[in-house]
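Understanding the architecture of this molecule
Below, each chain spelled out in residue letters.
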Amino acid sequence: MSLADLSLDQWRSFELPAARRIAQEAAHQVDGRVTAVETVEHLGAPLHRGRIERDGQEFALIPGGAVTLGFDLDTWQPTPEQAADYAESLEQGYGYGPDLRAHLAQVLSPRRSVTLAAVLMAVEDENLTEPPAGMPAVLAARGLRMPSSDEWEHACGAGADTLFRWGNDCPLGGDPYDDHTGPHRQLNGFGLRIAYDTYSTELTSDVTAAHGGDGGESVCGGYGRVLAWLPLATANRNPSMAEFAYDPDGGGLYEDLSTRPVLPL
């Protein structure tokens, strides 16, 4: 089996020694070294985390296969607290619809099934050093590429079908920037530091999407608690932020944007 064909279901089925062998094979293939293989509890079952270092940068092993992405609004209901908080935001002139469900329909990607190759993905995002259009060439010189939006969503959610990578709820007692102990500060299922700060905005190869944050707009703008947390939602593609990032007027701010390099297997 090619390592690129490794599926999430297969990865979950391995015992830890087998997972270590797969990680070693991956490290050998990219001229890297394994720094850690551990097993954590994720979605009620064990999940392995494999880390590989290459050229001073750490990557997590992200299995692929047939996966389901996006968010199913038809089976979701906001909590009373979420609905009330959004209603307050709406009174202040924020939001894209008459209720939270309508707002989410404008910013989240739809439920869908895709097939992805297994890859190595950077544990940490890195700031752009060129305008977005120039980053593919910059990364290619290091044997890397930008992730696709589908790859980013899959890597972030790690199989979770909830609004956020940790569940459907968010701490409404404060905003995510000031909350230093919330679930967004923890590594995700695959061991990535991802969707952790709304001031972060990660770009992918999809010019219509931005992930993991909105440059702090929702926090600075006083949009309300639930709208402040929503940029961290796994399926949030933040089309308005993406439009700004690729607009000539926003191009000069590219150093405030980031991407999460992928090392193909």
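As the structure is a computational prediction, the values presented were derived from the model and not from experiment. (Residues numbered from 1 in each chain as written. Predicted model: local features only at pLDDT ≥ 70, side-chain atom pairs only at ≥ 80, totals over all residues. Heavy atoms only, no water.)

Turning to empty space enclosed by the protein, a few remarks are in order. For the structure shown, the criterion picks out one cavity of 30 Å³ or more. Empty space within the largest cavity amounts to approximately 40 Å³. Of all the secondary-structure elements, those providing two or more residues to the lining of the largest cavity are β6 (119-122) and α6 (149-157). In terms of residue class, the lining of the largest cavity is made up of six nonpolar, two polar and one charged. (1 Å grid on protein atoms, 1.4 Å probe; cavity = no way out; pocket = protein on both sides within 12 Å on 5 of 7 lines; lining within 4 Å. Points joined across faces, edges and corners; volume = space filled by probe spheres on them. Helix = DSSP H or I, 4+ residues; strand = E, 2+ residues; numbered from the N terminus. Nonpolar A, V, L, I, M, F, W, Y, C, P; charged D, E, K, R; others polar.)

Here the focus is the sheet that holds strand β9 (residues 210-211). If you trace the four strands from one edge of the open sheet to the other, you get β7-β10-β8-β9, paired in mixed fashion. One side of each edge strand has no neighbouring strand; the edge strands of this open sheet are β7 (126-127) and β9. Of the pairings in the sheet, the one linking β7 to strand β10 (residues 258-259) comprises two bridges and is antiparallel in character. Paired with N127 across the strands is S258, a residue of β10. (Pairing = 2+ DSSP bridges.)

Of the two faces of β6, the one holding V119 and M121 and the one holding L120 and A122 are both buried throughout. Where strand β3 (residues 57-62) lies against β6, four bridges are found, and the strand directions are antiparallel. Paired with F59 across the strands is A122, a residue of β6. Here β6 runs beside strand β11 (residues 262-264); their pairing, made up of three bridges, is antiparallel. Each residue of the ladder has a partner; that of M121, found in β11, is V262. (Buried < 20%, exposed > 50% of the residue type's maximum accessible area, 1.4 Å probe, protein only.)

What follows concerns the packing of aromatic side chains. Applying the stated rule across the entire model yields six aromatic pairs. Measuring from centroid to centroid gives 6.1 Å for W166 and W229, while their planes differ by 80°, and the two rings are edge-to-face. Of this pair, W166 sits in the loop between α6 and β8 (202-203) while W229 sits in helix α8 (residues 225-229), and the two are 63 residues apart along the sequence. With a relative accessible area of 25%, W166 lands in the partly exposed category. Taking relative accessible area as the criterion, W229 reaches 0% and is therefore assigned buried. Chaining the aromatic ring pairs together yields one cluster made of F164, W166 and W229. The side chain of R193 reaches across the aromatic face of Y196, ending 3.9 Å from its centre. (Phe/Tyr/Trp six-rings, centres within 6.5 Å; stacked < 30°, edge-to-face > 60°. Lys NZ or Arg CZ within 6 Å of the ring centre and 35° of its normal.)

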